[in-house]
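# Summary of structural features
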Amino acid sequence: PNHKSELPISYADVVCVYVGQNDYYYEYTECDSTGSRWRVAIPQTPGACTGLPEPVRGTECTFSCEAGEFLEMSAQECTQCAAGSYSLGSGIRFDQWDSMPAGFSSLATSLDNGPQGDDRLTCNSSSWVPQGNYLESNRDECMVSLIYAVHLKKQGSISFEYQYPDKNLLFEFFVNSIKQSQIGFLKYCADNVHVRFDRECVFQVNLKSGTNILYWRTGGVLMGTKVVKPVLLKNVQIEGVAYTSECFPCKPGTFSRVPGSSSCDSCPRDTYSGRGASSCTPSEGSGVCKARPPCSRKDYFQIHTACGSDGKTQVIYKWIEPRICLEDVAGAEKLPPSGEREPCPPCNPGFYNNDTATCSPCPPGTFSDGKKACERCPAGTEPVLGYEYKWWNVLPANMKTSCFNVGNSKCDSMNGWEVARDHIQSGAGGSDNDYLILNIHVPGFKLPMSMSSHSGTECGRITFEFETVCTADCELYFMMVRRSTTVVESWEGSKTRQSYTHVMTQNGSVSYTWAFQRTNQPSDVRRYVNDVVRIFSISVSNAVDGVSSKCRACALSGQASSSLCVPCPPGHYIDSQTNQCTECPSNTRLLPHTTPGPDACRPCGPGSKSDKVHSLCYSDCHFTHTEGNVTLSFDFSLLGSVGSLMNGPSFTSKGTKYYRQFNISLCGGQSHMAVCTDNVTDLSITDSQRERGEGANAVKTFICQSTIIPAIGRGFHTALSSQSINLADTFLGATVETTLDGIKASPDLFPQNSKKIPDVNFYYRSFEETSSCESGRSAVVTLRCNPEKSTKGEISVPSQCPAGTCDGCTFNFLWESSGACPTCTESDYHRIEGACKGGHHDILYVWTEPKLCMGGVSLPEKKTLPCEGVEVWIRLGAGLAAFTAVLLISLTCYFWKKNKRLEYKYSRLVMSANKECEMPGADSCAVMEGEDNEGDMEDEVVYTKPSLLGKLKAIASKVRWTLVDSFPFSKCSSGLDL
């Protein structure tokens, strides 16, 4: 038949020359719409050819072989894999990484987002590196992608195991295909440092049929000099290829004994195998011999024996297995002799022994200090549950130890830690880069009966005392494992003896893990076996299955003669005298883990109040400051309950751009906390959970910080948020003072131009210890009135400390806003009166400039009033002037008339004087009888009160008599008696 008419053009138009049978291989064409395909021969070397076998119809597209079989393309039949090999049937697996498998490629991308355009990190040497059992990622800031393309004939999946122990390295896996695009950052996976990879560190995702391009991408963010730990990848398995045309040989150390195997088994102890082995060979000989070195101090370690039946223990020394050194040669160090037998240490608190070699936990309701027999708690008290391990004769029952190395299995059967009487220390391990694991499991927490009704408070805490002695780059991790693993804290290099406390705020089963690694550089030579970490004590409070070393007072029921402990309501403490629950006073918070009594209630700081259950103190956004006779009232609610600052950009030493984001909770209680989340380290948490602060890597507190890496220049689809930390979880108070509870505000960091309105300082603290801040972190948020800013305002950090802190422990922020100005009062404006126009005038009210207030009272409206008040005074003045004018005219007329009368009388007197010889002498100089008597009577009136009118009359009379006296009479007038 003519197959060319039924084949795709790409196969029908091939022109070939003669080739041999070994010069081609078979492949299937793409499936057509009917679900069928063709088997065609493909030349090993592209080019013109003849003599290729004719295309034939292939198997159905849904056809696949069983696990342990492969499809033999010549006969198109499933054939069993030979012994020493295996197959997955419709899948492929990559578990040998001596070299990069075919189809995999590593692509590095140079960074171009440095502070200068030409300052670019060269990434030519950055790549994923095969390390035998696994692939190792890069450790620098280059973005390196591991790429693999696969064509699936049907819907399938991909799964792989990985180790992701360092948050400073970003790890992303995504799939790009024609029909789908799956993006995701892998979960931060540090709990895989156990005996084997943990299931939480196995990633699996479904794939659709067709071509799928798989990407594993890593890139470091180096904030300091710390060396980044790489991502390790192994056991990549892809399902859905429909068939495999060959079987995979077993990797060294494994074998498959029978044909048709779907997997290879590990060789037993003291045996080995090569690649593609069907059996393992006993380790009795070798093709190459190496000289065994003399033994040294690095080849043995010290342990303490368990307490014997005689109640004694001793120190013994053991060789590190397998021992390859020689002790009977010159210069070799022999195994030290065992130590003297010494009395066993006492039992740990809460345990007892009855003259036996083992310690047993005290029964419920009893307590012991470890030296005495267990006793019942007295009436009115309850046992304090927990663990308190300070003597290390044997490993406690709830603790486990192991050794893990992803590159080899030499230490899988070793103890990672060894007990040593008064401490427990890291063991020898098999290699210097082993992870030495110590784990303690807590099934849950149980608050004391008196506090069992308290919610949202501390559930329990773990405290341990430790030291590290190192000559290399050792590191101790302290991790918490719940739904996922979180590195709580880590310490690098040698550390003096110190204690660390971690507080649990959520109840539930949890495991705490200590992982110690001497160096992260793999080596077959032991150099740092003497580097050690020692833990002296571990205590866990409120453990649900814990024992009791003491008793504490509890609240009793109100019934008489009752000794039954009852829970106190939230916010209540136990009165030590009456054993009754008493509510904390107003504006105080109840401190956990304190002795019963009123001292358990701590007063809130200035400018703060407590919530209803006295669990925390917070600001209600209102603050009042009085200075002299002036009182300023502030309402900070305009600023919002939570403010954010994106500070930067900053650049690492390699040129990676990043920002620091600070979220600050200014006002409100538990429901208005700031939240910082990581979108890199946990895919199982939804966005809504992150916003509520419910994720394993979410921080919900008063002030928190995240590191933001922009997507531009890094090849990411979104900005990355990582390394979220808690800066402050306790609000101490708000005041205008520059010091509160030992924290200084440092006003010189934010110089103030005007001091008319004082700055208000909000003080915060976190009591959580860190490796660099033994007393915890603190923060000061300075609120400054700035009318030129918006009500939300702007947050800034000191210019000389762009990270927000100058010492790494005390953070300072300046929040400038018009909303930080005091509330306006009537004294902040004044009145202006306009001119009277048309019988009316305007009254305006304006703010006193510069306006340094916000909210409060409003300006009164403009008023227009008639000019009534002005016309009244004008009319009153006009009336007085008219009255005065009338009075003066009246007086003038009066005195004019009087003057006329005087002239008349004077003229009469003159006439009388001229007739002196003709007239008889008069007895007086009075006016003649009958002459104007009425006027004479008026002239003779005597005024006793010197009124104005009287004074004028007196003046007139004086003038009249002066004229009479001055008249020159003749001698004949001597008879007149004037």
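Residues numbered from 1 in each chain as written. Predicted model: local features only at pLDDT ≥ 70, side-chain atom pairs only at ≥ 80, totals over all residues. Heavy atoms only, no water.

### So, the nonpolar core
- Trp417, Phe464, Phe478, Tyr512, Trp514 and Ile535 are the most contacted members of the largest nonpolar core, which totals 40 residues.
- Residues within four places of tyrosine 512 in sequence aside, it is in contact with Leu438, Asn439, Ile440, Val442, Phe445, Ile462, Phe478, Met479, Met480, His502 and Met504.
- One finds Val144, Leu146, Phe173 and Trp216 within the second-largest nonpolar core, a separate group that totals 36 residues. (Core = buried A, V, L, I, M, F, W, Y, C linked by side-chain atoms within 4.5 Å. Buried < 20%, exposed > 50% of the residue type's maximum accessible area, 1.4 Å probe, protein only. Contact = heavy atoms within 4.5 Å.)

### Notes on the confidence of the model for the chain
- Of the residues in the chain, 81% reach a pLDDT of 70 or more, and the chain-wide mean stands at 79.
- The element-level mean pLDDT for the chain is lowest in helix H1 (residues 9-12), coming to 37, with strand E41 (residues 532-541) highest at 95.
- Across residues 689-693, confidence stays below pLDDT 50; counting only partners more than four residues off in sequence or on other chains, it has 14 contacts.
- Within the model, the stretch residues 921-945 combines pLDDT values under 50 with 18 contacts to residues more than four positions away or in other chains. (pLDDT = per-residue confidence, 0-100. Helix = DSSP H or I, 4+ residues; strand = E, 2+ residues; numbered from the N terminus.)

### What about the sheet that holds strand E66 (residues 829-833)?
- Strand order in the open sheet made by the three strands is E66-E67-E68, with antiparallel pairing throughout. At either margin of the open sheet sits one strand with a lone partner, and together these are E66 and strand E68 (863-866). Each neighbouring strand pair of the sheet contributes to a mean axis angle of 25°, computed without reference to strand direction.
- Relative to E68, strand E67 (residues 840-847) is paired through four bridges, and the arrangement is antiparallel. Looking at E68, one finds that isoleucine 843 is bridged to lysine 863. (Pairing = 2+ DSSP bridges. Axes fitted to C-alpha atoms, helices over the stretch in contact; angles between N-to-C directions.)

### Describing the state of the cysteines
- Throughout the structure, instances matching the rule amount to 20 disulfides.
- Here cysteine 470 connects covalently by a disulfide to cysteine 474, the sulfurs 1.9 Å from one another. Note on the cysteine 470 and cysteine 474 pair: the S-S dihedral is about 95°, so by sign convention the disulfide is right-handed. Of the two residues, cysteine 470 and cysteine 474, both sit in the buried class.
- Between the sulfur atoms of cysteine 554 and its disulfide mate cysteine 565 the distance is 1.9 Å. Handedness here is read from the sign of the S-S torsion; for cysteine 554 and cysteine 565, about -60°, the answer is left-handed. Residue cysteine 554 is located in the loop between strand E42 (547-553) and strand E43 (555-556), and its partner cysteine 565 is located in strand E44 (residues 565-566); the two are separated by 11 residues in the primary sequence. (Disulfide = S-S within 2.5 Å.)

### With respect to the pairing of strand E11 (residues 143-152)
- The element E11 is largely enclosed, with a buried count of eight among its 10 residues.
- As defined by bridge partners, E11 adjoins strand E16 (residues 210-220) across nine bridges and the pair is classed as antiparallel. By the bridge assignment, histidine 151 is partnered in E16 with threonine 211.

### Quick notes on the pattern of salt bridges
- Enumeration according to the criterion identifies 14 salt bridges in this entry.
- With a closest N to O distance of 4.0 Å, arginine 323 and glutamate 327 form a salt bridge.
- What makes arginine 323 partly exposed here is its relative accessible area of 32%.
- With a relative accessible area of 21%, glutamate 327 lands in the partly exposed category.
- For lysine 789, the salt bridge identified is with glutamate 794, shortest N-O distance 3.1 Å. (Salt bridge = Lys/Arg side-chain N within 4 Å of Asp/Glu carboxyl O.)

### A short note on unusual backbone geometry
- For the bond running from glycine 648 to proline 649, omega is 5°, close enough to zero to count as cis.
- Counting through the fold element by element, proline 649 comes out in strand E53 (residues 642-651).
- Of note, the bond from glutamate 849 into proline 850 is cis; its omega dihedral lies within 30 degrees of zero at -10°.
- Positive phi, close to 60°, is recorded for asparagine 542, a residue that is not glycine.

### Quick word on the packing of aromatic side chains
- Under the criterion given, the structure shown has 43 aromatic pairs.
- Here the aromatic rings of phenylalanine 173 and tryptophan 216 are separated by 5.2 Å at their centres, their planes lie at 45°, and the arrangement is tilted. Residue phenylalanine 173 is located in strand E13 (residues 169-177), and its partner tryptophan 216 is located in strand E16; the two are separated by 43 residues in the primary sequence.
- Look at tryptophan 216 and you get buried, because its relative accessible area is 0%.
- A network of ring pairs unites the aromatic residues Phe94, Trp97, Phe104, Trp128, Tyr148, Phe160, Tyr162, Tyr164, Phe171, Phe173, Phe203 and Trp216 as a single cluster.
- The ring of tryptophan 319 has arginine 323 sitting right over it, with the charged end atom 5.1 Å from the ring centre.
- Note that arginine 497 overlies the ring of phenylalanine 536, its terminal NZ or CZ placed 3.7 Å from the centroid. (Phe/Tyr/Trp six-rings, centres within 6.5 Å; stacked < 30°, edge-to-face > 60°. Lys NZ or Arg CZ within 6 Å of the ring centre and 35° of its normal.)

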